Amino acid sequence: MNHIKILSIILRRTNTLIKSEDYKESYRIGNSFSRNRKLSFSNAIYFICSALRKSLSSEIHNFIGEHSYLEFPDISKQAFSKARQNISPEAFKELCRLFVDSYYNSNINLKKWNGFNIFAIDGTTLQIPDTSENIEHFGASTNQSKTKTALASASALYDVLNDIVIDAVISRYRTSERELVKQHINSINNAKLLDNSVVLFDRGYPSYEMFDFLDEKGLFFVIRLSSSYKEIQAINSNDSILNYNFGPISKKVRIIKIKLPDGTIEMLATNIFDKSITTTLFKELYFLRWGIECKYKELKSSIEIEEFSGTKPIAIKQDFYVSIYLSMVASLIKTDADAAIANDNKHKTLKSEYQANRNFILSEVLKKIVTIMVKPISGKRILEILLEKAKKIRSQIRPNRTCERKNKHPRKKHHSQRKSCI
């Protein structure tokens, strides 16, 4: 089964869920949407799912013109903002769960690395509207002049080879990353995702407690260690076993040391003891973690996840999960487009390899997601046309690129290599 076909099925299921009474009863707040109001619960969900990035007045006007079949009412932006406060953000997280469950329960052949599923977990900081309510709800950072800036923390469990965000959460600023890891792992209820899977982590996550937690869950891990681990620095071997005590139990972890091109020694801890996975393979494996960094770049620069359509915490959380959902929709289209491009070029002598342009796909998804979702027959045709266009609009793949890490420019907001798809 190809990804476009799976996506078409997922979007049909999403639409059926949105229109169901059970969905409304589960995620409306209080007795809202119980009477025959101008704005229905399902229309409010569709509107929020259309990725609101412009002014709400413009978005309402455009939505009415483009989706006349929904009979969306000509309401004020204030009326919409009031209505969305009666929808739990969990309604949109449920759409993400439906997507993930449908994808991994399909008969798709998942991409693997040496027989392993490869996941990465990492967090990021999101800039949110500076209001006293958000500072109280999410927290803030304070500078030298005591000025507070509202911020939120986000974390994701990401399938780096299949380009799917399995679980994501937005939480209070500086929430413990290790606690968020437990939330992500405990959210997994699919045996496919727990069997023979490796989770990759950066330097903020290692602890004996974390090693034990992942072991108990039956997951393999590869975690980068900080240079502050003196007992590991004293180890001379590039591949060794470290014994440690966790409570009354003696346990062990494999320590891998890798020399990077700049001479830096990268230290990794893992519970993969198979000697056929050599230090060279571990270097290749850990490099895959970079995929989650690219996903955050996509969410922030292309989808503009931080351009929230409301100022209240509920609106911020709604927009967050919608952005995750739209990113996964685009991922399945890109996967099929990349496969078609590779197939077209396999007998050609080309200097470079090519892939579908992700920003083009995202742009089309953001414009047409509601039509694709609500009108399955024409929606399937739109997906097929989009796939054909995506095969032709290509970007060059530049493998093994390395760039010197320069000092950041904290005041620089516009970057030539970071383009929005809005």
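Before reading on, note that the structure itself is shown above.
Asks: Before we move on, can you summarise the packing of aromatic side chains with the specific residues and values?
Replies: Scanning all chains against the criterion turns up 17 aromatic pairs. Arranged with centres 5.5 Å apart and planes meeting at 85°, the rings of F99 and Y325 form a pair that is edge-to-face. With F99 in helix α6 (residues 90-105) and Y325 in helix α14 (residues 313-345), this pair connects stretches of sequence that are 226 residues apart. Note on F99: relative accessible area 0%, which makes it buried. Of note, K252 hangs over the ring of F273, and the distance from its end group to the ring centre comes to 5.0 Å. For the cation-ring pair, K375 lies above Y69, with the distance from its terminal atom to the ring centre recorded as 4.7 Å.

Asks: Tell me about the packing of helix α1 (residues 3-19) against helix α3 (residues 41-49), and name the residues and values.
Replies: It is at 9 Å that the axes of α1 and α3 come closest, and there the two elements cross at 140°. Comparing their axes, α3 and α1 come out oblique. The residues of α3 that touch α1, namely those facing N15, I18 and K19, are F41, S42, I45 and Y46. In terms of residue class, the contact of α1 with α3 is made up of four nonpolar, two polar and one charged.

Asks: Go over the pattern of salt bridges with me, naming the residues and quoting the values.
Replies: Under the defined criterion, the tally for this structure stands at 25 salt bridges. One salt bridge connects R289 with D122, and the closest N-O pair in it is separated by 3.2 Å. With R289 in the loop between α12 (279-287) and α13 (290-302) and D122 in strand β1 (residues 117-127), this pair connects stretches of sequence that are 167 residues apart. An identical accessibility class is assigned to R289 and D122; each is buried. Several salt bridges converge on common partners, so that one network encompasses D122, D202, R289 and E293.

Asks: Requested: an account of α12, with residues and values cited.
Replies: Listed as buried for α12 are F282, L285 and Y286. Take α12 and look down its axis: the buried residues cluster within an arc of 90°, on one side only. Facing away from the buried side of α12 by over 90 degrees, the exposed positions are T280 and F287. Along its buried surface, α12 packs onto β1, β5 (197-201), β6 (220-225), β8 (249-259), β9 (265-270) and α13.

Asks: Describe unusual backbone geometry, with residues and values.
Replies: Excluding glycine, residues mostly carry a negative phi; peptide bonds, for their part, are mostly trans. Even without being glycine, N114 reaches a positive phi, approximately 50°. Given a relative accessible area of 48%, N114 falls into the partly exposed group. A positive phi angle, close to 60°, is found at D163, a residue other than glycine. Assignment of secondary structure puts D163 in the loop between β3 (148-159) and β4 (164-172).

Asks: Explain the environment of Y354 to me, using residue names and the numbers behind them.
Replies: Of note, Y354 is situated in strand β10 (residues 353-356). Considering only alpha carbons, one finds Y354 and A342, 12 residues apart in sequence, at a separation of 7.5 Å. Residues within four places of Y354 in sequence aside, it is in contact with I341, N345, R394, S395, Q396 and I397.

Asks: Can you lay out helix α15 (residues 358-374) for me, pointing to particular residues and giving the numbers?
Replies: One turn of an α-helix holds 3.6 residues; hence residues three or four places apart share an orientation. For α15, with 17 residues, the first-to-last C-alpha span of 24 Å sits near the 24 Å given by 1.5 Å per residue. Along α15, the helix axis deviates most sharply at K368, where the bend reaches about 65°. With 13 of its 17 residues buried, α15 lies for the most part within the structure.

Asks: Quick rundown of the environment of E307? Include the residues and the values.
Replies: Tracing the backbone shows E307 in the loop between α13 and α14. Along the chain, E307 and F220 lie 87 residues apart, while their C-alpha atoms are 36 Å from each other. Dropping the residues within four chain positions of it, E307 is found in contact with L52 and R53.

Asks: Account for the environment of F63, with residues named and values stated.
Replies: As for its placement among the helices and strands, F63 is situated in helix α4 (residues 56-66). Taking C-alpha positions, F63 is 46 Å from L214, a pair spaced 151 residues apart along the chain. Once residues lying within four places of it in the same chain are set aside, the contact partners of F63 are Y46, F47, S50, L70, F72 and V370.

Asks: Residues and numbers for the pairing of β4, please.
Replies: Within β4, eight of the nine residues are buried, which leaves it mostly tucked inside the rest of the structure. Sheet analysis places β3 next to β4, joined by eight bridges and oriented antiparallel. In the sheet register, D159 faces β4, and the bridge partner there is I164. Counting the residues in the hairpin turn of β3 and β4 gives four residues, including D163, whose phi is positive at 60°.

Here is what the cut-offs are and how they apply
- Residues numbered from 1 in each chain as written.
- Predicted model: local features only at pLDDT ≥ 70, side-chain atom pairs only at ≥ 80, totals over all residues.
- Heavy atoms only, no water.
- Phe/Tyr/Trp six-rings, centres within 6.5 Å; stacked < 30°, edge-to-face > 60°.
- Helix = DSSP H or I, 4+ residues; strand = E, 2+ residues; numbered from the N terminus.
- Buried < 20%, exposed > 50% of the residue type's maximum accessible area, 1.4 Å probe, protein only.
- Lys NZ or Arg CZ within 6 Å of the ring centre and 35° of its normal.
- Axes fitted to C-alpha atoms, helices over the stretch in contact; angles between N-to-C directions.
- Parallel < 35°, antiparallel > 145°, perpendicular 65-115°, else oblique.
- Contact = heavy atoms within 4.5 Å.
- Nonpolar A, V, L, I, M, F, W, Y, C, P; charged D, E, K, R; others polar.
- Salt bridge = Lys/Arg side-chain N within 4 Å of Asp/Glu carboxyl O.
- Arc of directions from axis to C-beta.
- Expected span 1.5 Å × (residues − 1).
- Bend = angle between axes of the 7 residues up to and from the residue.
- Pairing = 2+ DSSP bridges.

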